[in-house]
Amino acid sequence: MPLVNTKEMFKKAYEGGYAIGAFNVNNMEIVQGITEACEELKAPVILQVSAGARKYANHTYLVKLVEAAVKECPDIPIALHLDHGASYDICKSCIDGGFTSVMFDGSSLPYEENIEVASRVAEYAHKYGVTVEAELGQLAGVEDEVSVEADKAHFTDPDQVQDFVTRTGVDSLAIAIGTSHGAYKFKPGQKPQLRFDILQEVANRLPGFPIVLHGASSVIQEHVKMVNQYGGQMPDAIGIPEEMLRKAATMAVCKINIDSDIRLAMTATIRKYFAENPSHFDPRQYLGPARTAVKDMVAHKINVVLGCAGKA
Ligand code: G3H
Ligand code: 13P
Ligand code: ZN
């Protein structure tokens, strides 16, 4: 089937109490690892591309890689999504360039400005059948060139969401309830917590409306251990506990964003490979196992966190 937007995926996910994985893609091995797992488990998937990914791999290469995945995975719906679009122009260029979904991230803008740009993006996108995600509230952590200090981050205000969604016409909303980007989401000794009360309040104000969780990697400890064991230095890397993500998926959360867990799976595998095979130098020798690690990690997410196996 051709690339799809997120409309139908989210409707089914909301009603079925599960979530769709939105995985960041930056190269061929990542695209293959993710989509092979999804095809085998018959799981719908969102492949998302950040500004950093476009800078690294080039828009055309990424679109073509995703198109190849669509061809290789005939049984599952795949959406191609712009992650953290910083401006109307970036969103427009991705809509014009074949994306089926875009995020306009105006979370750092004043409220009215966020509404103004998000509604222009939605108006343009909808002419082409492209769905739009926007964000209210601000996550801590590093995304692209934007780094948000923890003390500048703030939770989404449920009092704003209805007004925001009605005035912008966006199709889904990313909210801040305590997740954050990157591999260091909580301090050592700090008890991981999400504000499920805010999520529930948002859901009450927006019945049936799909909510998105950014910064939702669980920072798999087996991979952190491997990185540290084989020469890496990632002390105290901590993510969102899987059971919290599962709970969110049964609520209004229809899209769970995962990037750091892909990075970790690949890095852990490649570090181990180099340590055990110091004489090897063919990239296929270490990128192959890294791709398998991504595939296994994604299969685990589908089964344990997202609950979307068999929902294609
Ligand atoms: O939200 C951020 C994603 O992890 C993308 O990261 O901008 O370094 O590609 P990136
Ligand atoms: P993680 O850093 O938790 O993987 O979040 C990724 C993300 O939100 C991409 O938009
Ligand atoms: Zn994000």
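Cut-offs used in this document
Residues numbered from 1 in each chain as written. Chains lettered and ligands numbered in written order. Predicted model: local features only at pLDDT ≥ 70, side-chain atom pairs only at ≥ 80, totals over all residues. Heavy atoms only, no water. Helix = DSSP H or I, 4+ residues; strand = E, 2+ residues; numbered from the N terminus. Rg over C-alpha atoms; globule rule 2.2 N^0.38 Å. Buried < 20%, exposed > 50% of the residue type's maximum accessible area, 1.4 Å probe, protein only. Contact = heavy atoms within 4.5 Å. Areas by Shrake-Rupley, 256 points an atom, 1.4 Å probe, with all protein chains shown as cover. Lys, Arg positive; Asp, Glu negative; His and termini not counted. Charge placed at Lys NZ, Arg CZ, Asp CG, Glu CD. Donors = N, O, S within 2.8 Å, 3.2 Å for Na, K, Ca; no water. Phe/Tyr/Trp six-rings, centres within 6.5 Å; stacked < 30°, edge-to-face > 60°. Lys NZ or Arg CZ within 6 Å of the ring centre and 35° of its normal. Pairing = 2+ DSSP bridges. Right-handed = clockwise from strand over helix to strand, strands pointing away. Axes fitted to C-alpha atoms, helices over the stretch in contact; angles between N-to-C directions. Parallel < 35°, antiparallel > 145°, perpendicular 65-115°, else oblique. Left-handed = near helix turned anticlockwise from the far one by under 90°. Nonpolar A, V, L, I, M, F, W, Y, C, P; charged D, E, K, R; others polar. Near = heavy atom within 4 Å. Polar contact = N/O pair within 3.5 Å; in protein donor to acceptor, adjacent residues only side chain to side chain. 1 Å grid on protein atoms, 1.4 Å probe; cavity = no way out; pocket = protein on both sides within 12 Å on 5 of 7 lines; lining within 4 Å. Sits in = over half its atoms within 2 Å of the grid points.

Overview of the overall build of the protein chain
1) Next: Across its full length, the protein chain holds 12 helices and 10 strands.
2) Next: Against the globule reference of 20 Å for 312 residues, the protein chain gives a C-alpha radius of gyration of 18 Å, in line with a compact fold.
3) Next: With the principal axes as the frame, the protein chain shows a C-alpha extent of 60 × 45 × 35 Å.
4) Next: The buried share of the protein chain, reckoned over its 312 residues, is 55%.
5) Next: For the protein chain, the share of sequence-separated contacts (at least 6 apart) that also reach a separation of at least 24 residues comes to 77%.
6) Next: When the accessible surface of the protein chain is summed, it comes to about 13500 Å², and 53% of that surface belongs to carbon and sulfur atoms.
7) Next: Here the protein chain contributes 30 positive and 39 negative side-chain charges, whose respective centroids are spaced 3 Å apart.

Some points on the coordination of the zinc ion (ligand 3)
1) Next: Ligation of the zinc ion (ligand 3) by protein atoms is provided by His84 (NE2), His181 (NE2) and His214 (ND1), these donors lying 2.0 to 2.1 Å from the ion.
2) Next: In the primary structure, the donors to the zinc ion (ligand 3) are separated according to the pattern H-x96-H-x32-H. With His181 in the loop between strand 8 (172-175) and helix 8 (196-205) and His214 in the loop between strand 9 (211-213) and helix 9 (221-229), the pair connects residues that are 33 residues apart, well separated along the chain. Grouping residues by exposure puts His181 and His214 together as buried.

Comments concerning the packing of aromatic side chains
Here a ring pair, both rings aromatic, is described through the centre-centre distance and the interplanar angle of the planes.
1) Next: If you walk through the whole model with that rule in mind, you get four aromatic pairs.
2) Next: Aromatic side chains Tyr88 and Tyr124 sit 6.3 Å apart centroid to centroid with 70° between the ring planes, which places their arrangement in the edge-to-face category. Taken together, the positions of Tyr88 in helix 5 (residues 88-96) and Tyr124 in helix 6 (residues 111-127) put the pair 36 residues apart, joining distant regions of the chain.
3) Next: Exposure remark for Tyr124: the relative accessible area of 11% places this residue in the buried category.
4) Next: Consider the rings of Tyr124 and Tyr128, whose centres lie 5.0 Å apart with planes at 50°: the pair is tilted.
5) Next: Sitting over the face of the ring of Phe155, Arg195 holds its NZ or CZ atom 5.3 Å from the ring centroid.

Brief notes about the pairing of strand 4 (residues 101-104)
1) Next: A two-sided burial pattern is seen for strand 4, the buried positions comprising Ser101 and Met103 on one face and Val102 and Phe104 on the other.
2) Next: Sheet analysis places strand 3 (residues 78-85) next to strand 4, joined by three bridges and oriented parallel. Residue pairing across strands places Gly85 opposite Phe104, the latter belonging to strand 4.
3) Next: With helix 5 bridging strand 3 and its parallel neighbour strand 4, the resulting β-α-β unit is right-handed.
4) Next: Sheet topology note: the strand 4/strand 5 (residues 131-136) ladder contains four bridges and is parallel. Its bridge partner lying in strand 5, Ser101 is registered against Thr131.
5) Next: With helix 6 bridging strand 4 and its parallel neighbour strand 5, the resulting β-α-β unit is right-handed.

Considerations on the sheet that holds strand 3
1) Next: The eight strands lie next to each other as 1-2-3-4-5-8-9-10, forming a closed barrel whose pairing is parallel. Between one strand and the next, the sheet's axes are offset by a mean angle of 25°, whatever the strand orientation.
2) Next: Examined bridge by bridge, strand 1 (residues 20-24) and strand 2 (residues 45-49) share four bridges and lie parallel to one another. From the neighbouring strand, Asn24 faces strand 2, where its bridge partner is Gln48.

A word on the packing of helix 2 (residues 28-41) against helix 12 (residues 283-306)
1) Next: Running from N to C, helix 2 and helix 12 cross one another at 40°; their axes reach a closest spacing of 8 Å. With respect to helix 12, the axis of helix 2 lies oblique. With respect to the hand of their crossing, helix 2 and helix 12 are arranged in right-handed fashion. On helix 12, the residues that touch Met28, Glu29, Ile30, Gln32, Gly33, Ile34, Glu36, Ala37, Cys38, Glu40 and Leu41 of helix 2 are Leu287, Arg291, Val294, Lys295, Val298, Ala299, Ile302 and Asn303.
2) Next: Residues of the contact of helix 2 with helix 12, tallied by class, amount to 11 nonpolar, three polar and five charged.

Topic: the site of ligand 2
1) Next: The immediate surroundings of ligand 2 are formed by 16 residues, with Asp83, Lys185, Ser217, Asp259 and Ser260 found nearest.
2) Next: Here an oxygen atom of ligand 2 and a side-chain polar atom of Asn257 are 3.1 Å apart.
3) Next: Note that an oxygen atom of ligand 2 is positioned 2.7 Å from one of the backbone N or O atoms of Ser260.
4) Next: Expressed as a share of its isolated accessible area of 310 Å², the protein-covered part of ligand 2 is 96%.
5) Next: Spatially, ligand 2 is embedded in the largest pocket.
6) Next: If you list the elements that add at least two residues to the shell around ligand 2, you get strand 3 and strand 10 (253-258).

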